[in-house]
Amino acid sequence: MCRHLGYLGDSRTLHQLLFAPKHGLLTQAYAPRMNRGNILNADGFGAGWYDAARDAPVRYRRAQPMWTDLSFADVADVVRTRCAVAAVRSATVGFPVDESCAQPFTDGLRLFSHNGVVEGFAGVEAKLRELAGDLSPVPDARAPVDSALLFAMAAAAWRTGASLGEGLAHVVRSVTPLVSGRFNLLAADGTRLAATTWGDTLFVRSGPAVVIASEPYDDEPGWEEVPDRSLVTAGPGGVGINPI
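Below is a short write-up of the structure. (Residues numbered from 1 in each chain as written. Predicted model: local features only at pLDDT ≥ 70, side-chain atom pairs only at ≥ 80, totals over all residues. Heavy atoms only, no water.)

Of note, the amide linkage connecting Q103 to P104 takes the cis form, showing an omega dihedral of 25°. Along the chain, the position of P104 falls in the loop between β4 (80-88) and β5 (105-106). With a phi close to 65°, R229 is a non-glycine residue in the positive phi region. If you trace the backbone, R229 turns up in the loop between β11 (224-225) and β12 (230-235). Using a relative accessible area of 45% as the deciding quantity, one classes R229 as partly exposed. (Helix = DSSP H or I, 4+ residues; strand = E, 2+ residues; numbered from the N terminus. Buried < 20%, exposed > 50% of the residue type's maximum accessible area, 1.4 Å probe, protein only.)

Dropping the structure here:
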């Protein structure tokens, strides 16, 4: 499936985060090392980041392979941020290769990415829509892809006061009794990161900066594999890993 990455720390360029590492997200688009079920992530990509000049996160999304977008490579060299979420996509059969499906999604305050799949989506779509509730507050929740309803559920939980991590855990706990799938979710709010593992790989590296990624983007020490069915949170208080 897809590959995604979250970053929180000192100011870095998107190039440093996505392009420069030997096994960075650019490389993971065409040569991932730990993908399950596919060998390419060429059905779109996206990056979202926070900038001090505005309250809402900034996004750049495309339906094309990341390595074909030379304009983004130029932009990434000069954009600096302290918090970002980025993803490359391998579209599940039945869903369109469309920019609206490229992640991260946003509710205007947070960024969200889903690495995985809702198996047998057609059979549970109505139930997931019921759990998601009103989709109108978040236009991305209406994207024609299974991830959008998971995002809608998280956004609804955040609107009622759930923390970043609690919102993701709520989605996993609500969905997994109903349907099988892989539910690796990732979110950021500018000062915190949160992620779940459920059926796919996830790694975290902490220190002065925190990186949460589907797979390590280099071979340097410090990467810790997150146990399956866990919630990872990172923020001013440090990094925490707890069972879901």
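This model, assessed by the stated rule, comprises nine aromatic pairs. Considering the side-chain rings of F105 and F151, the 5.6 Å spacing of their centres and the 45° angle between planes classify their relative orientation as tilted. Of the two residues, F105 is situated in strand β5 and F151 in helix α5 (residues 146-159); the sequence distance between them amounts to 46 residues. Taken together, the ring pairs in this structure connect F19, F45, Y60 and F72 into an aromatic cluster. A cation over an aromatic ring shows up here: R62 above the ring of Y60, its NZ or CZ 4.5 Å from the ring centre. (Phe/Tyr/Trp six-rings, centres within 6.5 Å; stacked < 30°, edge-to-face > 60°. Lys NZ or Arg CZ within 6 Å of the ring centre and 35° of its normal.)

What follows is about helix α4 (residues 121-132). For α4, built from 12 residues, the straight-helix expectation of 16 Å at 1.5 Å per residue is missed by more than 12%, its first-to-last C-alpha distance being only 14 Å. Listing the buried residues of α4 in full gives F121, V124, L128 and A132. The arc that holds the buried residues of α4, viewed along the axis, is 90°, so those residues lie on one side. Exposed and oriented more than 90 degrees from the buried face of α4 are G123, A126 and E130. The inward-facing, buried residues of α4 abut β6 (111-118), α5 and α6 (164-175). In the segment just after α4, G133 is the residue with positive phi, at about 75°. (Expected span 1.5 Å × (residues − 1). Arc of directions from axis to C-beta. Contact = heavy atoms within 4.5 Å.)

Before going further, it helps to spend a moment on the environment of F151. For F151, a relative accessible area of 0% corresponds to the buried category. Along the sequence, F151 and A87 sit 64 residues apart, while their C-alpha atoms lie 15 Å from each other.

Turning our attention to the sheet that holds β5. Ordered in space as β5-β6-β7-β8-β12-β13, the six strands form an open sheet in which the pairing is antiparallel. Edge strands, defined here as strands with exactly one partner in the open sheet, are β5 and β13 (238-243). Across five bridges, the pairing between strand β8 (residues 193-197) and β12 is antiparallel. Of the residues in β12, the one forming a bridge with A195 is V232. Along the sheet face, α5 touches β5, β6 and β7 (181-188) and points at about 135° away from the line of β6. (Pairing = 2+ DSSP bridges. Axes fitted to C-alpha atoms, helices over the stretch in contact; angles between N-to-C directions.)

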